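Commentary on secondary and tertiary structure
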Amino acid sequence: MDAGIEDLLAAGRHARAFDLVVPAYKDRVFRLACSILKDRAAAEDATQETLVRVWKALPGFDGRAQLGTWIYAITRNTCLMELRRRRPMVSFDDPDSTEAQHAAASVASGPAADPERDNLLRLVETLPRNQQEAVRLFYLEDRSYEAVAEQLGMPLGTVKNLLHRARKRLMELARPDEVKAA
Amino acid sequence: MNDPTLIGPCADYEHELVELHDGELSPERARIVRLHVQQCLRCRSWAAEFAALDSRLAAELPRPALSPDFDSRLRGRLSTLAVPVARGELRSLIELEHDSLIESLRRATWRRGLLGAIGSAAATLGVLAAAKGLLAHSADWASLLGDGPERWVAMGTLGATIAVAALAWSAMRRGAMGLGWPR
């Protein structure tokens with residue numbers, strides 16, 4: 001698919017190339033935005049913004065990077081700008097921070113409307129941001145390490161390490177209180 | 001502390017247990033790790049707990065989808081934007097603008113040189129006319145330039161010298177600007 005798009009770009013047919021970029025990348029861009037922004041509406045807006053930027057910048061794409069790598073970099077920048085715009089906001093990035101400890105405590109003793117699912121989602125919220133992004137994206141991308149590495153722009157080993165630490169931490173947090181206290 | 005999952009897996013196998021679960025191990029390493037798991041209660045318990053967590057994450061993490069009108073909204077936004085200009089096209093436009101500027105500078109310099117030459121010739125003619133008037137009223141001056149045709153040859157030579165000097169000055173100015181002759 002990318003080879004066909006890059007051929008069109010080399011021939012100067014940018015509009016036609018963009019017609020192929022949208023169906024090929026919109027869902028992956030959206031999933032990446034979801035993993036970073038953790039909000040469906042914001043992720044959809046970021047996907048729109050990303051594709052508009054891709055449209056504007058496509059004639060300048062020189063093929064030195066892979067098309068996907070280039071598009072995901074634009075996506076990450078768009079999402080980071082959105083996160084900066086949102087400040088101030090409560091951050092659970094640092095698991096040792098007061099906010100993270102408070103969040104972890106509230107997870108353990110919070111209300112239980114749908115206890116299993118709610119607890120798990122709130123546990124994920126207590127992870128450092130880079131681990132959260134990796135975990136969300138890993139399961140959105142059907143457990144593909146390679147897809148996560150490409151979309152987050154990280155080496156494969158880094159992604160494996162992040163996912164290992166994140167899931168190990170989730171296992172510890174998910175144990176019942178009586179087991180933890182034993 | 002009797003729960004073996006609380007102790008954790010054997011340190012040498014922890015990462016490989018995860019990779020085995022995710023299907024990332026080579027067949028040979030997978031066989032070795034499976035053999036170990038069969039014999040190790042700690043690793044077996046930890047791997048089972050890990051598999052349970054993995055299943056829950058896969059089932060319970062949100063899997064949002066784009067709105068049905070996503071494409072039409074995107075097209076709407078793009079329709080308000082100008083068609084982007086390719087980098088190569090932009091370069092061509094800049095080069096065209098540069099060539100056009102240089103050409104107009106050359107033409108202006110050529111016009112200025114021509115006007116300078118005409119002005120010099122006019123000034124020479126004026127000087128000659130004035131000299132002729134002076135000569136008509138001064139026999140002493142006239143005697144310096146001879147008499148009859150000889151006087152006119154002397155005056156013509158003087159005028160031509162001034163004109164050539166003016167043209168040379170003009171050409172020198174154009175050459176100093178480094179723009180050459182018009183194409």
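Rules of the game
- Residues numbered from 1 in each chain as written.
- Chains lettered and ligands numbered in written order.
- Predicted model: local features only at pLDDT ≥ 70, side-chain atom pairs only at ≥ 80, totals over all residues.
- Helix = DSSP H or I, 4+ residues; strand = E, 2+ residues; numbered from the N terminus.
- Buried ≥ 20, exposed ≤ 12 C-beta atoms within 10 Å, placed from the backbone.
- Contact = placed C-beta atoms within 7 Å.
- Core = buried A, V, L, I, M, F, W, Y, C linked by C-beta atoms within 7 Å.
- Domains from an automatic or database assignment.
- Nonpolar A, V, L, I, M, F, W, Y, C, P; charged D, E, K, R; others polar.
- Axes fitted to C-alpha atoms, helices over the stretch in contact; angles between N-to-C directions.
- Parallel < 35°, antiparallel > 145°, perpendicular 65-115°, else oblique.
- Left-handed = near helix turned anticlockwise from the far one by under 90°.
- Expected span 1.5 Å × (residues − 1).
- Arc of directions from axis to C-beta.

Attention shifts here to the overall build of chain B. For chain B, the count of helices and strands is 8 helices and 0 strands. Secondary structure elements of chain B occur, N-terminal to C-terminal, as α-α-α-α-α-α-α-α. Within the span of chain B, comprising 183 residues, buried residues form 7% of the whole. A fraction of 68% describes how many contacts in chain B between residues 6 or more apart in sequence connect residues 24 or more apart.

Each helix and strand in chain A was counted, giving 10 helices and 0 strands. In chain A, the order of α-helices and β-strands from amino to carboxyl end is α-α-α-α-α-α-α-α-α-α.

Glancing now at the nonpolar core. Among the nonpolar cores identified, the biggest contains 42 residues, and Ala33(A), Ala134(A) and Val135(A) are the most heavily contacted of them. At the level of secondary structure, the elements contributing two or more residues to this core comprise α1 (2-10), α2 (14-37), α3 (40-57), α4 (67-86), α6 (115-125), α7 (129-140), α8 (145-152) and α9 (156-174) of chain A. Tallying contributions element by element places α2(A) first for this core, with 10 residues. Here this core spans two domains, since at least three of its residues come from each of domain 1 (2-86) and domain 2 (98-181) of chain A. Formed by 9 residues, the second largest nonpolar core is a distinct cluster that contains Val33(B), Cys43(B), Trp46(B) and Phe50(B).

As a further point, take unusual backbone geometry. Residues and elements named next belong to chain A. If you check the backbone angles, Asp142 has positive phi at about 55° while not being a glycine. Here Asp142 is to be found in the loop between α7 and α8. The class for Asp142 is exposed, based on 8 C-beta atoms found within 10 Å. Phi at Arg143 is positive, roughly 60°, even though this residue is not glycine. One can find Arg143 in the loop between α7 and α8. By the C-beta count within 10 Å, which is 17 here, Arg143 ends up partly exposed.

On to the interface of chain B and chain A. With 28 residues of chain B in contact, the opposing surface of chain A contributes 33 residues. Elements with a contribution of two residues or more to the side of chain B that touches chain A: α2 (14-21), α4 (41-60) and α5 (70-79) of chain B. In terms of residue class, the side of chain B that touches chain A is built from 15 nonpolar, 2 polar and 11 charged.

What follows deals with the packing of α2(B) against α4(B). All names here are of chain B. Between α2 and α4, the least distance of the axes is 10 Å, while the angle of their chain directions is 45°. It follows from the interaxial angle that α2 and α4 lie oblique. Viewed along their axes, α2 and α4 form a crossing whose handedness is right-handed. Note on element contacts: α4 touches α2 through Cys43, Trp46, Ala47, Phe50, Ala51 and Asp54, opposite Leu17, Val18 and His21.

Bringing the environment of Gln132(A) into the picture now. Residues and elements named next belong to chain A. Looking at where Gln132 falls in the secondary structure, it is placed in helix α7. Accessibility expressed as a C-beta count within 10 Å gives 20 for Gln132, which makes it buried. Setting aside anything within four residues of it in sequence, one finds Gln132 in contact with Val124 and Leu127.

Moving on, we get to α4(A). Residues and elements named next belong to chain A. Across its 20 residues, α4 extends 29 Å between first and last C-alpha, which sits within 8% of the 28 Å expected from 1.5 Å per residue. Those residues of α4 lying buried are Leu67, Ile71, Tyr72, Thr75, Thr78 and Cys79. The buried residues of α4 occupy one face: seen down the axis, they fall within an arc of 120°. In this structure, α4 carries Thr69, Met81 and Arg84 as exposed residues pointing more than 90 degrees from its buried face. Elements that come into contact with the buried residues of α4 comprise α1, α2, α3 and α8.

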